[in-house]
Amino acid sequence: MTLRTDIAIIGGGIMGSALAYWLTQFEPKLDVTVIERDPSYARASSALSAASIRQQFTTPVNIRVCQASFAFLREVGDLLSVDGERPEISLVERGYLYLASPEQTPTLHQAHEIQRAHNADVALLDAAGLRARFPWLNTCGVACGALGLSGEGWFDAYALLSAFKRKARAQGAKYLPAEVAGLTLAGRRVSQIALGDGSKLACGHVVNAAGPWARRVAAWAGIELPVFARRRTVFVVACKAKLDGMPLLIDPTGFWIRPEGEHFIGGTTPRVDTDEAPLEPEYELWDSLWPDLAARIPAFAEAKVVRAWAGYYEMNEFDHNALIGAHPAVDNLYFINGFSGHGVQQAPIVTRGLAELMLRGRFETLDLSDVLIQRLVDGKPLRELGVIG
Ligand SMILES: Cc1cc2nc3c(=O)[nH]c(=O)nc-3n(C[C@H](O)[C@H](O)[C@H](O)COP(=O)(O)OP(=O)(O)OC[C@H]3O[C@@H](n4cnc5c(N)ncnc54)[C@H](O)[C@@H]3O)c2cc1C
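These notes cover the structure that comes with them. None of these values were measured; they are calculated from a predicted model. (Residues numbered from 1 in each chain as written. Predicted model: local features only at pLDDT ≥ 70, side-chain atom pairs only at ≥ 80, totals over all residues. Heavy atoms only, no water.)

1. Re the site of the ligand
Now for step 1: Close to the ligand lie 36 residues; Glu 36, Ser 45, Ser 46, Glu 314 and Gln 345 are nearest.
Now for step 2: Interatomic distance of 3.0 Å between a backbone N/O atom of Met 15 and an oxygen atom of the ligand.
Now for step 3: Here Ser 45 contributes a backbone N or O atom positioned 2.9 Å from an oxygen atom of the ligand.
Now for step 4: Expressed as a share of its isolated accessible area of 1,000 Å², the protein-covered part of the ligand is 97%.
Now for step 5: Counting only elements with at least two residues in the shell around the ligand, the list comes to helix H1 (14-26), strand S13 (227-238) and strand S17 (304-316). (Near = heavy atom within 4 Å. Polar contact = N/O pair within 3.5 Å; in protein donor to acceptor, adjacent residues only side chain to side chain. Areas by Shrake-Rupley, 256 points an atom, 1.4 Å probe, with all protein chains shown as cover. Helix = DSSP H or I, 4+ residues; strand = E, 2+ residues; numbered from the N terminus.)

Structural data, given as structure tokens:
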């Protein structure tokens, strides 16, 4: 059996669903089909994310995208309401606090200058300033810190994904619960998508929104995409102390921690980072994280891990930034991949940009040229200093 659609989106996570929303928002009559193999999203990064948003990047495009994204998140109740029902994404506006050792200080200052030049609301604090603001913090080995004063925080990524999906459906997008098993090419175009049950979907345009599995989709079209599934563990930590106004803290040793409801969540970069490791938490990482955490915030000396989960960063090994747009080798195959741990915060805006590019041939609201996939072909990486392992 062969079905047909104008635009087929492979993957119904936050990228696929937000893109379906924008496409049907711009062109209500457009025939958009999102193909998602697991509507429970049990392994999808969007459901396993730490869901935090910051302005503290060093590339202007990342700063601008996240500023626009935060504005979208503030208005999400109105923008994504369906039949008067407003989605609730539990947005908490609270800063990131990047702490720097004396050796890391020049890089933090450099980042700060770029951020200030792009109107990011970030303050630099010296060790005494940090202690005055956060009395629970031990500043031993810390020379300074950069604190986001507004436009940063965290939210419920699954609720945002669900809101995009619901709104996209209300605007006419279809969701097909199926696994994509391959692509058929006719010259420089994808002509059909092969589904796991043997049926085919003919399409005008195809979008690779397969998250950590995007490399496989690209390979079906003969394109080598340097995006790998890298497991990251998130620990849910109970700590009795009250740490009022605690930001998302990033320590010079590499761990991060932030409040989450009545608990805290945190993690660190694994020492061994293989592709598609089983999605089970790496509990051993807590043994290396905890001493650094308890040294930085002594209240955590009494902390206990309540539970943990693992998800995949869709890691772009080329330059750790988004890869979007059509690849020059295949005319009607678009990409929205490789966010390397900063995808959910960018989803509302990068998908708007991709929808503009697909329907109107150019970026209209925000220029995303710096993250076009073309740079892979040109061998010109976009260096971002603020990637969190
Ligand atoms: C532990 C962790 C912490 C993170 N923290 C943050 C953070 O604080 N801030 C931030 O901005 N980002 C964070 N991220 C990254 C963010 O979650 C991702 O960038 C984002 O969710 C990617 O969305 P996606 O839609 O591309 O991928 P996914 O959500 O993984 O969706 C891809 C979908 O494609 C489907 N799919 C794949 N292949 C096929 C196929 N062949 N057929 C049919 N369907 C298919 C999958 O089932 C999946 O549902 C974190 C990620 C993890 C794992």
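2. A few points about the sheet that holds strand S7 (residues 144-148)
Now for step 1: Reading across from one edge, S6-S7-S5-S14-S15-S16-S13-S17 is the order of the eight strands in this open sheet, with mixed pairing throughout. The open sheet is flanked by strand S6 (122-126) and S17, the only strands paired with a single partner. The mean angle between the axes of side-by-side strands here comes to 20°, regardless of whether they run parallel or antiparallel.
Now for step 2: Taken together, the five bridges between S6 and S7 define a ladder with antiparallel strand orientation. In the sheet register, Ala 123 faces S7, and the bridge partner there is Leu 147.
Now for step 3: Seen against the sheet, helix H4 (residues 105-117) touches strand S5 (96-100), S6 and S7 and runs at an angle of roughly 155° to S6.
Now for step 4: On top of the sheet, helix H8 (residues 285-296) reaches S5, S13, strand S14 (248-250), strand S15 (256-260), strand S16 (263-267) and S17; it is set at about 55° to S13, its chief contact. (Pairing = 2+ DSSP bridges. Axes fitted to C-alpha atoms, helices over the stretch in contact; angles between N-to-C directions. Contact = heavy atoms within 4.5 Å.)

3. Looking at the packing of H1 against helix H9 (residues 347-360)
Now for step 1: Interhelical geometry of H1 versus H9 gives an angle of 50° and a closest axis separation of 8 Å. The angle between H1 and H9 falls in the class oblique. Helix-helix and strand crossings are classified by hand; for H1 and H9 the assignment is right-handed. Between H1 and H9, the residues in contact are Ile 14, Met 15, Ala 18, Leu 19, Trp 22, Leu 23 and Phe 26 and Ala 347, Pro 348, Val 350, Thr 351, Arg 352, Leu 354, Ala 355, Glu 356, Leu 359 and Arg 360, respectively.
Now for step 2: Looking at the contact of H1 with H9 residue by residue, the class counts come to 13 nonpolar, one polar and three charged. (Parallel < 35°, antiparallel > 145°, perpendicular 65-115°, else oblique. Left-handed = near helix turned anticlockwise from the far one by under 90°. Nonpolar A, V, L, I, M, F, W, Y, C, P; charged D, E, K, R; others polar.)

4. As for the side chain of Thr 105
Now for step 1: When you line up the elements, Thr 105 lands in helix H4.
Now for step 2: Note on Thr 105: relative accessible area 15%, which makes it buried.
Now for step 3: Look past the residues within four positions of Thr 105 in its chain and what remains in contact with it is Ala 100, Ala 143 and Cys 144. (Buried < 20%, exposed > 50% of the residue type's maximum accessible area, 1.4 Å probe, protein only.)

5. Observations regarding the packing of helix H2 (residues 60-74) against H9
Now for step 1: Running from N to C, H2 and H9 point in directions that differ by 105°, and their axes come no closer than 7 Å. Compared by their axis directions, H2 and H9 come out roughly perpendicular. Across the interface between the two elements, Val 65, Ala 68, Ser 69, Phe 72 and Leu 73 from H2 touch Pro 348, Ile 349 and Val 350 from H9.
Now for step 2: Within the contact of H2 with H9, the residues separate by chemical class into seven nonpolar, one polar and no charged.

6. Looking at the nonpolar core
Soluble globular proteins tend to pack their nonpolar side chains together in the buried interior.
Now for step 1: Ranked by internal contacts, the top residues of the largest apolar core, which has 76 residues, are Ile 9, Phe 155, Leu 160, Val 207, Ile 336 and Leu 368.
Now for step 2: If you tally residues by element for this core, the top one is H1, at eight residues.
Now for step 3: Other than its neighbours up to four places away in sequence, Phe 155 contacts Ala 51, Ser 52, Ile 53, Leu 73, Ile 89, Ser 90, Leu 91, Leu 160, Val 344 and Gln 345.
Now for step 4: Among the nonpolar cores identified, the runner-up in size contains 29 residues, and Ala 210, Leu 225, Ile 373 and Leu 376 belong to it. (Core = buried A, V, L, I, M, F, W, Y, C linked by side-chain atoms within 4.5 Å.)

7. Some details on the pattern of salt bridges
Now for step 1: Under the counting rule described, the total for this entry stands at 16 salt bridges.
Now for step 2: Linking Asp 275 and Arg 215 is a salt bridge whose minimum nitrogen-to-oxygen distance equals 2.6 Å. Taken together, the residues span a long stretch of sequence, with Asp 275 in the loop between S16 and H8 and Arg 215 in helix H7 (residues 214-220) at a distance of 60 residues.
Now for step 3: Residue Arg 215 is classed as partly exposed on the basis of its relative accessible area of 30%. (Salt bridge = Lys/Arg side-chain N within 4 Å of Asp/Glu carboxyl O.)

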